[in-house]
Each structure stands twice: as C-alpha cells, then as structure tokens.
Amino acid sequence: MHDTDLIHERFLARVKENPDAVALVDGDRSTSYAELDRLSATAEKTLRALGVGPGRVVALLLPPSTELVIAVLAVLRCGAAYAALDVAWPPERLRQIAELLDGQLAIANDPSAAFSGRLVTIAEDGALDADVDASPPAIAPQDGRGAMIFFTSGSTGAPKPVLSPHSGTTRLFDPCTFGRFDETTVMAQVSALPWDAFAWELWGPLVNGGTCVLLRERPLTPVALRELVHRHGVNTLLLSTALFHLIVEEDVRAFAGLRVVYTGGEKLSGKHAGEFLAALPDLPLVNSYGPVESTVISSTHRVRPCDVDGDVPIGVTVARTRNVIMLDGRQCADGETGELCIAGDGLAIGYLGDDELTATKFVVLPVDGQPTRLYRTGDLASVGPDGILRFHGRMDRQVKVRGHRIEPAGVEQVAEGVAGVRRAAVVPVRDDNGNVTALALFHISEDEEALRAALRAALPAYSVPDHVIAVTEFPLSSNGKVDKSALLRAHEARLSRATLVVAAGGTVDEIVAAEAGSLLGQASIDPSASLFALGATSLDAVRLCARLSTRLDRYIPVSALLRAPTVRDLAQWLAGRSAPRASGTSGSGTPLTASQHSFLLSHLISGDDTANFCVQNWVLDGTPQVDALRAAVQDVHRRHGYLSARYTSGERTLLVASDTPAEFVEITGGQADLDAALYTPFDLAKGLVWRAVLAQENETSRFGIAVHHIAFDGWSQHLLTADLGLAYAARCANSEPGFPQPVPGPTATFDMLTGLAEAADLDAQRSYWANALRGLPAMNWPAPGRAGELPRVVEHPVALAGIDESARAKETSRLAVLLAAVSEAVTACTGRSDFGVGVPVNRRGTEELQRPIGCLIDTVCVRVGADPKLAVRDALANSDVSFAEVVRLSKPARSARHPLYQVIVAVQDSPAPALRLSGCDTRIGRQHEIPWTRTEFVVELFVTDGARLRFTHDPAVLDDDLVTELIHQVRERLDAHRWE
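Residues numbered from 1 in each chain as written. Predicted model: local features only at pLDDT ≥ 70, side-chain atom pairs only at ≥ 80, totals over all residues. Heavy atoms only, no water.

*Asks:* I keep staring at the overall build of the protein chain and nothing clicks. Help me out?
*Replies:* When helices and strands are tallied, the protein chain shows 29 helices and 42 strands. Counting all 980 residues of the protein chain, 57% fall into the buried class. Here the protein chain displays about 38,300 Å² of accessible surface, and carbon together with sulfur accounts for 50% of that area. (Helix = DSSP H or I, 4+ residues; strand = E, 2+ residues; numbered from the N terminus. Buried < 20%, exposed > 50% of the residue type's maximum accessible area, 1.4 Å probe, protein only. Areas by Shrake-Rupley, 256 points an atom, 1.4 Å probe, with all protein chains shown as cover.)

Here is the structure:
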C-alpha cells in the first residue's frame, strides 16, 4: 500500500499546502489544518504509549465533535483502525461490540460511558486521560491496511464489523468522477457516525483541502440546512434517501445555495427527485449506490428530468472500482438482470473476527477471464449498453428502512428470545414505490407490553418494529412456511389506517398523520399511539401545531396537542373546531403581552434593570468591516418590529413603532470594557431596546449584543445571529440584504397570539388553575450555612440518549423526565414534597410566530405531586392562560419572593445561535447568565451544541453544601434513568 493511499498522509499533505485553512467547523469553534494536525499529534503520542499500532482497533464513544476528529486522526496516525460508535446505542449492543473488538481501547468524553473495554477520555486540546503504564491487550496482528470499522446487519443482536482499508476512502477521489472535492469544498457532516457515509463527509473535504462542518443537532431539518448554507457556506451535502425525501416534501428551497446534493441508501423516489429538479433545475442531484463492504459508494448518477418517471438509475462506476453483474457464476450480458458484485480498491478487508462469513461474501470469480476478488451484494441489478446501472431489488430478505439496513430474521430472533413469546414474524410494509416504509411484527405471546419493552431495550431505535400485532395463529403457504403476505392481508385495514397519506388535500386525519410523520421522520404513524411515545419533544409539539395551523388555516394551541397527543384524538379535536385565523388589526399601538408588561413594570420601578438583559458576545479572529457591521445592525433593527419599538405605560400599555435607530457603539478595550458598554441601561420609552458593541484592543476584536428581555427570548438568539450574518455579508458586497421570509410585525403577532388563546377552551383552563394551585406552600430551604464559594452557574455534561429513552418508555417528554429528577432531588434535600416548579413555555405556535425576534414566552407552574408525567401534562395542557392571570386565580400569599414557585426547570431546545461574519472566524466569548429574575434554583437541559445541564442558584438563599447536594441528586437520577 502506497503512502498516497493513507488517509492521514493525504491530510498531512494538505496541512503543508495550506496550514491556516479551516479544516473543521464545530458550532462556534473553527479549527485550522495546522491546529488539527497539532492536536491529533498530541493524542497520537499517548495512544502509541498505550500500545496502539497496526492491527489494533480503537472504539470511539464520542458525539460529532472536534474531539472525535482529533481522535480519528490520532488513531490513523498510529496505523490502527477506528470504530465510531453511536453513544445512543443500548448498553447491550455496546457490550456485544466490545466483545467483537476483544475488549480493546475506547476513547470517550464521558468516563462513565457504557463500554466494557479499556476506556480513556479526551479533552478539547487532544490530551488523553490515560495510564500509559497499562499493558495493552494482545490481539492477532494485521497488516495495517485497516482504517475504519463500520457495522452492518446490526438489528440481529449480532452486529457484523466490516473492516475497511484506507484505499476504500481515498480511491473515491483518485480522481473524483462524481463531483468537485478541493479546497473550496465545504461539506456538512450529518450522517450517523457508524454509517460509512461518515467517511465520505469527513475525509472528502479533509484529504482535498476543504472544510467539514459538524452538525450536533440531528436529524437535519430544513431550517438547520438553511443556516448551514448561510452561516457556514456549506456547498456540498450528502443525505440518506429518506431524509432527502423529507426535506423535499417540507421545504425544497432549503437546498438553495448548495453546489451539489448527494443522496443514497435506499431507492430514490422519482417523484421527489422530480420536485427537486423542478424547484432547483441548476443544482446537481446525484443518486449514489454502495454497500458498506465497498466503502461508501461504488456508483453514482446525476439525476436528469428524463429519469424521474421510472426507476432512477444508480449510475456509473466510480474510480478504482468495478461493478459486475453475475448470474450462475458467469457475467451477464447488457440488459440482463443478475446479482451485482463489486471489485476494486474499495472492498473491505473482511468481517472482523469472522473468516467464514468473509469467505462467503467475498469470493474470487473469473471476470473477463481473470480471477477477481468480488463482494456479493445480494442486490439485483442490470447494466445497459450505456454503462448505466439500474437497481432491481434484493435477493434475500434484508431490507432498508429509513436509511438503515435491517434483517427481519434478526428482529424475529430478539422477539422470540423474550419470555412468553411463542412465535414471531417480521414483515416489511412497502409504499407504492416499493420502498420499505415500516416493519410489522406479528406475534403469539402472553404479554405484548413486555415484548415491546424488550424490543426497545435490545434493538437500535431505527430497527424497533413500527407495528406490533398479536395474532392467534400463523397462516402457512403451500410449502409449509409462514405466509407473510397473508398476515399482511389479514391486517390490511389496521395497517392502512397507520400508513401515511402525504397529499396536498386529504382528510383531517390524513393531514395530521402526514405532518406528524414528516416531523418525526417516520413513514407510518399508529393513530392510537401517543406522539411523545414515538419520540416527539416539546419543540416538536410546537412545530407540529405550527404546520397544522398553516395547512388547516386555523389556530391550534399547543395545549390542544397535549390534551390529545395521538393522531386520532387530535384529529377529532380539530374536527370540532372551525375558527378561522385572525386577519390582523390596525391601530396606533399594540398591547403588550403579560410577560412584556411584567418586564416593563420591572424596568419602570428599578430604572436600571440590567438583570433583564439578554447578552451574547464573540471574539473575532480577523478584522471586521465596521461600516458593513453598523449597517447590518440597522438592517436587523428595521426588520424586527419588537426591536424597533417604544414601550410606553400610561392609560394603556402599548408598543409603538419608533424611528430611533439601534445603538452601535465602538470602543477601545477588552472584555471588561465590552461588558460595561453592553450593560448600560436602556430607555424603553424612547425606543432604545438593544445595542451592538464592537471593542478593539491591539489586534483583538470583540463583538457583543445586548437586548432587553421585553423584546427577546431564547428562540430569538438564532434568528438574530442568522439575520445579522446575512445582512453583514450583503453589506460587505455593497448590496441590500435579501432576507428569506417576511417577519410579521408586533400587531400581527399579537393578533396571532390572541387567536391561539381564543382557539383554546380558556374557561375550562381558568377553572383548572383556580383549584390546582390553591394553598400551594412556598418553598422553605434549609437555613443558609457555608455560602459564596461556588460559582452562581455550574454546568455538567449529560447523556441525552438516556433521558430520551426514559421519555419514550413513559410516553412523555424530556421535560417531564427532567422535572421528575429535579423534584425528587429537592424533596430528598429539603423534605418538602409539595411545592411549585416554574416551566417556561414559548408562544410560537404558528409558522409565522417562529420568525420574529421578540419576547414570545410565558411560564406555567407545575405543582409537584406523585406523578411528574401527569403534573407536567396537566399544567401544559392548560398553558393558554397567562401566568399573570394564573397568579390572580390562585391567590397566593403576598411575598417579596416570586409568586407560586422558587424553582425553574427548562429544556432549552431552540436552535443554537451561530454568528457568521464574512472574513472573520467567530468564537463565543464570555458566557453571560440568562436572566432568571428572583428565581432561587434553576435547572436547564441544553440539547443543542453538546447536551448539558446548567444549574443556576441564588447564593443569598442557597448555601454551597445544599447546592452541591442538589446537583449531585439531579445528576444521579438522570444518569440512572430513574423514574420513581
């Protein structure tokens, strides 16, 4: 093997050519080629000291991150192979993989990661926390060709590790026959890490001098795709076929601005490809094909308009590869269908630790008279005289569902291993295109709930059957085998009700099912299943109501979904409502919401309410164009009515449009000077609501934004940074910014908020609140002792997958799981079991309401009880009544403390803000505390840009020992996934 085939050698060549070029973008962190080289070399030294070298495999239990890429490069530089695992996989699956890898070394950023082998942790600087004196395990030597391991057929409980060589990846670009990969390539890494597409997304840019942009929030949404293009300049994208279909359906224009779109993994729908080409005729769409055993792809096809009326071809062979159609040991003629076999430098070395399976699937057969090593794909295909390959299905039962290869026999094996299950059969459910959209598991068993629980525990989420159906017997075919077609026919009515109907029109039931399925990325939805049991989050609930409001032209409050969380129940609720959406009002001013009124009152009383400032700041690497930045700030100011408004209080409390420009301040100084300028009081009555400050000292620039909470919330953060970056790029080019969508003004926004409230049953909700919180006692903390040593804000990483699994098992939300942990912790530390917890809610229940920067939030009070799931559900189902009115209805005792609650629990799942200024690299500066006015203990779960818990406390009320124990108790419960 030549050095030119080694992935890391090609990367090092790019380092020498352009060391300062950006190799990685990870949120707000950018890493140059030289820095990535240095960091991976640091990790390499420790790995070599641990005995890592040719023939060894290092497992990586890391999320998509800079640390992951550092670890990958370090492993390759040692001559070893890496296996990137999914940290969300069940512990049993990780245990099996550890056994397959002979308990070799694993790298994680969580020292408690579920892996039975040797575990070391990695820091941001590439340093590994490891005892280098430990002896590495002895394993069979290899020749060092292996670069990476992927796992296939993993639904069986016996995942097969495929060892791929360096040449499997580098041959794709030697030369690249299917696209442009060079120093201008900016490719997003959006695929699952154990999938071989990860190699394409990572090394495609890095061995060619381009940039790889890592995505933490998955799956990719149209909104996130637009942000990737506008903020990071992403121009190259690879999507699984299922995800490509979803984005085409939801927002095909989200692809605009890309240079090329690749898709693969399943049969490409001609209908979706046609819609893509019609909307973006000049944007190349490339259909790709290739099994893991031939590293990523073996053929590609640029889709043409003439392809979309039939089966879209899988194309022509890529470099250093050969596709051969074989039948009965001979090569097929043009147009003849046979088994597709692959040869060339992309072939895997084999299945790690399974010589028998390797010999079965990798065979030597004569091709053009020469003995040739081939991989038998099991796929049926043909090739025409034009050399273009066409796919005709599978030879065996193996199917792909939503981009994942699954063996139904393996799922059956897991099911039949559950106590009380006598028989089980898995049948694929197909759509009109022949794609497998779901799996139906038919069973004869004593306890269906136990079966469902066992399937969730043992299988990856993507291979858990969509339908679990009890039968009394299994029909047999004439040859004595189970007649699976008969099983499907017998339950056709049930399955057809659960199968999506994605259409422009349709019944209310079909529309709700289509939108819910699209949102959750599921091709079929059981109409009687809770959407939260299917994986919906609280943010998903907002998005679903927003989409349905647009589709059905009526207001749908989120509380309606919480009261009716199934497709069937929500459709029934909608059938009884026909209120049209408000068309808007006019007048000289807009009334304030209850939250805005509260912030204005606080401002008027104190005059210096900097505690209500929302602040962001960045360090800029590069010299910004000051005039362009100043103009961009004013562009954003004029675009968003809540920013360019005066907030007045007289006979009526109103928001009035203002022509006062936004403050743009230039100063000389460092971080302290920037903070002082940002925290200068505002004059809301004069329209001074926000400011931008540029501080320059020597060759360092810092940029900050401060906005009064009356015009801003957590959701607004990513809106402001996205609009500012777009406007700045336009002003640098001496042009007007072309913002993507209009933003409703304050009056239209207030009308929509009013319409949502009126669509809810406010009388019933008021009745609920009049009783639910009556007599709620105030929280009495233990008397303060040692105080003042802990920082007011403490953060810790958290395993989000465990929280999500607990939420799915309980058919509830992340919020309920978090609130359960916090309430149990508070009870354990204080002995109090009856208290209130504040939960922030946003008021963005339509698509239009998701566009404006503004304060569209409120709070509900959850009275902690025996069942946190029910407590959260009931509170949120009655959340259309403003908190101010809830306080009046519940009549708490007057106090200087916050009424009703002294604890806040929040799930922060808004898109992560990222500021992109052309010509400058930006990174987050000093973190500023989120304003939690008069709240004594706050626990937040951040799910984007690295899952973490943030604890905020009032040091005048809670002493250090109590805070330390509260944090310990919350983390312990979440880490154990407890629900008591």
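*Asks:* Explanation requested: the nonpolar core in the structure shown.
*Replies:* Buried together is how nonpolar side chains tend to be arranged in soluble globular proteins. Ranked by internal contacts, the top residues of the largest apolar core, which has 82 residues, are L531, W781, L818, L900, L941 and L974. Of the residues forming this core, the biggest block, 10 residues, is contributed by helix α26 (residues 814-830). The residues contacting L941, other than those within four sequence positions of it, are V798, L800, I803, R814, L818, A906, V907, Q908, R948 and L949. Counting residues in each nonpolar core, the second largest holds 78 residues, with L39, F198, C212 and I325 among its members. (Core = buried A, V, L, I, M, F, W, Y, C linked by side-chain atoms within 4.5 Å. Contact = heavy atoms within 4.5 Å.)

*Asks:* What should I look at first to understand the side chain of T922 in this one?
*Replies:* Here T922 is to be found in strand β40 (residues 921-924). In this structure the side chain of T922 is engaged in a polar contact, spanning 2.5 Å, whose partner is the backbone oxygen of L915. For T922, the contacting residues outside a window of four places in its chain are D28, W618, V619, L620, L915 and L917. (Polar contact = N/O pair within 3.5 Å; in protein donor to acceptor, adjacent residues only side chain to side chain.)

*Asks:* What's the story with the state of the cysteines in this structure? I'm lost.
*Replies:* Disulfides are covalent bonds that connect the sulfur atoms of two cysteines. Inspection of every chain in the model, using the stated rule, returns 0 disulfides. The thiol of C732 is not disulfide-bonded; the next cysteine sulfur, from C920, is found 8.2 Å away. (Disulfide = S-S within 2.5 Å.)

*Asks:* Can you help me understand the sheet that holds β40 in this one?
*Replies:* Each strand in a sheet pairs with another by means of backbone hydrogen bonds, the pair being arranged parallel or else antiparallel. Taken together, the 5 strands give an open sheet; going across it, the order is β33-β34-β35-β30-β40, and neighbouring strands pair in mixed fashion. Edge strands, defined here as strands with exactly one partner in the open sheet, are β33 (663-668) and β40. Across the sheet, the axes of successive neighbouring strands diverge by a mean angle of 25°, strand direction being ignored. Direction of pairing for strand β30 (residues 613-621) relative to β40: antiparallel, over a ladder of 4 bridges. (Pairing = 2+ DSSP bridges. Axes fitted to C-alpha atoms, helices over the stretch in contact; angles between N-to-C directions.)

*Asks:* How do you make sense of the sheet that holds strand β26 (residues 421-430) when you look at a structure like this?
*Replies:* One open sheet accounts for 3 strands, arranged β26-β27-β28; its pairing is mixed. The open sheet terminates on both sides in strands that have one partner only, identified here as β26 and β28 (467-470). Strand-to-strand twist of the sheet, defined as the mean angle between neighbouring strand axes without regard to direction, takes the value 25°. Where strand β27 (residues 436-445) and β28 come together, 4 bridges link them in parallel fashion. For A440, the partnering residue across the bridge sits in β28 and is H467.

*Asks:* What should I look at first to understand the pattern of salt bridges in this one?
*Replies:* Side-chain pairing between opposite charges can occur once the charged atoms of the two side chains come close. Scanning all chains against the criterion turns up 40 salt bridges. In this structure, the salt-bridge partner of E339 is R376, at a minimum N-O distance of 2.9 Å. Of this pair, E339 sits in strand β19 (residues 338-344) while R376 sits in strand β22 (residues 370-383), and the two are 37 residues apart along the sequence. The exposure class of E339 is buried, given its relative accessible area of 8%. For R376, a relative accessible area of 34% corresponds to the partly exposed category. The shortest N-O distance in the salt bridge between E736 and R731 comes to 3.1 Å. Taking relative accessible area as the criterion, E736 reaches 60% and is therefore assigned exposed. (Salt bridge = Lys/Arg side-chain N within 4 Å of Asp/Glu carboxyl O.)

Keep in mind these values describe shape, not function.
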